[in-house]
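Tertiary structure, described
Given next are the chains, with one letter for each unit.
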Amino acid sequence: MTKAMPLSPNTAQPVPPVAPKRYVFLLMNEFSQLSFTCAVEALRLANGYEDRTFFDWLVLGETGAPVLASNGLATSVDGGLCELRRQDTLIVVGGDNIGANSTLKIMNWLRRQTRLGVACGALGSGAYTLANAGLLADRPATTHWIYHSTFAELFPTVDLRDTLYTLDNDRPTCAGGASSIDMMLHLIERDHGRALANHVSEQMVYTNPRSESQSQRLSLQMRAGTRHAKFAEALDIMGDHIEHPLPPSEIALMVGISGRQLERLFRKYLDTTPKSFYIGLRLEKARELLFHTKLSLSEICFACGFNSQTHFSKSYRTHYGISPSRDVGRVRSVPIT
């Protein structure tokens, strides 16, 4: 019988504890403090569970000086754009005016860190910065819903999802805001198990975490305050046919009701006509493209299903009380979370 090898207490070495996983948050100028706080608080609340430290974090800014959030509050950082460790996970925290704040210096630094093997994700409009640096090509990603049309126009090779968050190995992205909690809970569960994620969720009084596949916005049906199946189907068809709009009569035929029935449903639930509602949807997309892209008015006109720029301008002025050529100056008033 083989005897156990005797071990000397002087030579036996304890198993070293696993080092905490480090997240590095890059705060963009005008970043969303809500998105950042939700993410970092999830990590903080994980520490201490079963007397362990699971995470630590580093907060960076482009220059190392305090970074001004979109709400006007300045946040101190640990440093500027330094070299990271291969094991780190870098999270770009986006906010307002993300195009102007995605400087060449930042994008070059992001490219260098990913070449070194650093995982790199984003909160909210930080996905724009990653995409602009070429780090999301042919990958699934998400960003705040208000930025979707613009994002799709600028980065057609990105597999843009209309979900709360998207996990693609080393490129996690989310819509920002409270969805930062959902994404971080999923990452915590992936790395350390369900018990720890549940503990954090309860500490945050966030007792119903949402899944990766959940949509960011209320459906058109829910926003209309109705569960009428035919009406909901008609709304979905309109939302899916912005660039090439369909006549209301054809939509009615597709959902199996008469044109008159469709008119009555829109009158009952939205106090408007199918035509007016449909134009409003297309103008909503047009305004988003106007505020956040450099597309010409004619390009925006055709991207939103208008065959005439004169008709587009007239409809826009009627809907928003200002012509599209003048409204472009109001870009800073639209928040990107």
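Summarised in this report is the structure supplied together with it. Computed from a predicted structure; not experimentally measured.

Criteria and thresholds
Residues numbered from 1 in each chain as written. Predicted model: local features only at pLDDT ≥ 70, side-chain atom pairs only at ≥ 80, totals over all residues. Heavy atoms only, no water. Phe/Tyr/Trp six-rings, centres within 6.5 Å; stacked < 30°, edge-to-face > 60°. Helix = DSSP H or I, 4+ residues; strand = E, 2+ residues; numbered from the N terminus. Buried < 20%, exposed > 50% of the residue type's maximum accessible area, 1.4 Å probe, protein only. Lys NZ or Arg CZ within 6 Å of the ring centre and 35° of its normal. Pairing = 2+ DSSP bridges. Core = buried A, V, L, I, M, F, W, Y, C linked by side-chain atoms within 4.5 Å. Contact = heavy atoms within 4.5 Å. Axes fitted to C-alpha atoms, helices over the stretch in contact; angles between N-to-C directions. Parallel < 35°, antiparallel > 145°, perpendicular 65-115°, else oblique. Left-handed = near helix turned anticlockwise from the far one by under 90°. Nonpolar A, V, L, I, M, F, W, Y, C, P; charged D, E, K, R; others polar. Salt bridge = Lys/Arg side-chain N within 4 Å of Asp/Glu carboxyl O. Expected span 1.5 Å × (residues − 1). Right-handed = clockwise from strand over helix to strand, strands pointing away.

Next up on the list: the packing of aromatic side chains. Scanning all chains against the criterion turns up 13 aromatic pairs. The interplanar angle of 75° and the centroid separation of 5.5 Å between the aromatic rings of Phe25 and Phe36 together place this pair among those described as edge-to-face. One end of the pair, Phe25, is in strand E1 (residues 21-27); the other, Phe36, is in helix H1 (residues 33-46), with 11 residues separating them in the sequence. Residue class for Phe25 comes out buried when judged on its relative accessible area of 0%. Residue Phe36 is classed as buried on the basis of its relative accessible area, which comes to 9%. Between Phe306 and Phe312 the ring centres are 5.3 Å apart and the planes differ by 55°, which places this aromatic pair in the tilted class. Under the relative-accessibility criterion, Phe312 is labelled buried at 1%. Site record: aromatic cluster; members linked through ring pairs are Tyr23, Phe25, Phe31, Phe36 and Phe55. Sitting over the ring of Tyr23, Lys21 keeps its end group 5.6 Å from the ring centre.

Even without glycine at this site, Asp51 takes up a positive phi of about 60°. Along the chain, Asp51 turns up in the loop between H1 and strand E2 (55-60). Notably, Asn169 is not glycine yet its phi reads approximately 55°, a positive angle. Topologically, Asn169 is positioned in the loop between strand E9 (165-166) and strand E10 (173-174). Exposure remark for Asn169: the relative accessible area of 68% places this residue in the exposed category.

The next subject is the sheet that holds E2. Strand-to-strand pairing in sheets goes through backbone hydrogen bonds, with the strands running parallel or antiparallel. Pairing within the open sheet is mixed, and its 6 strands lie in the order E2-E1-E5-E6-E10-E9. Sheet topology places E2 and E9 at the edges, where each strand pairs with a single neighbour. In terms of strand pairing, strand E6 (residues 119-123) meets E10 through 2 bridges, oriented parallel. In the strand pairing of E10, Leu123 is matched with Cys174.

A word on the nonpolar core. One recurring pattern in soluble globular proteins is that nonpolar side chains are buried together. Within the largest apolar cluster, 34 residues are counted, with the highest numbers of intra-cluster contacts made by Tyr23, Phe25, Leu27, Phe36, Met184 and Val200. If you list the elements that add at least two residues to this core, you get E1, H1, E2, strand E5 (89-93), helix H6 (179-192) and helix H7 (194-203). If you tally residues by element for this core, the top one is H1, at 8 residues. Ignoring anything within four residues of it in the chain, the contact list for Met184 reads Tyr23, Ala39, Ala42 and Leu43. Among the nonpolar cores identified, the runner-up in size contains 29 residues, and Val24, Leu60, Leu84 and Met107 belong to it.

Further remarks concern the packing of helix H9 (residues 229-240) against helix H12 (residues 274-292). Their axes nearest at 10 Å, the elements H9 and H12 cross at an angle of 40°. Put simply, H9 runs oblique to H12. In this structure, H9 crosses over H12, and the sense of that crossing is right-handed. Across the interface between the two elements, Leu235, Met238 and Gly239 from H9 touch Pro274, Phe277, Tyr278 and Leu281 from H12. By residue class, the composition of the contact of H9 with H12 is 6 nonpolar, 1 polar and no charged.

Take the pattern of salt bridges next. The full count for this structure, using the stated rule, is 13 salt bridges. Between Asp88 and Arg85 there is a salt bridge, with its nearest N and O atoms 3.5 Å apart. Judged by relative accessible area, which is 1%, Asp88 ranks as buried. Judged by its relative accessible area of 39%, Arg85 falls in the partly exposed class. Between Arg139 and Asp168 there is a salt bridge whose closest N-O contact spans 2.8 Å. With Arg139 in the loop between helix H4 (126-132) and strand E7 (140-141) and Asp168 in the loop between E9 and E10, this residue pair connects regions lying 29 residues apart in the sequence. Arg139 gets classed as partly exposed once you look at its relative accessible area, which sits at 22%. The exposure class assigned to Asp168 is buried, which follows from its relative accessible area of 16%.

Turning to H12, a few remarks are in order. Here H12 contains 19 residues, and its C-alpha end-to-end distance of 28 Å stays within 8% of the 27 Å for a straight helix at 1.5 Å per residue. Most of H12 is tucked away, with 16 of its 19 residues classed as buried.

Take the pairing of E2 next. Bridge count between E1 and E2: 6 bridges; the pairing is parallel. Bridge assignment links Tyr23 to a residue of E2, and that residue is Trp57. Crossover connection from E1 via H1 to parallel E2: handedness right-handed.

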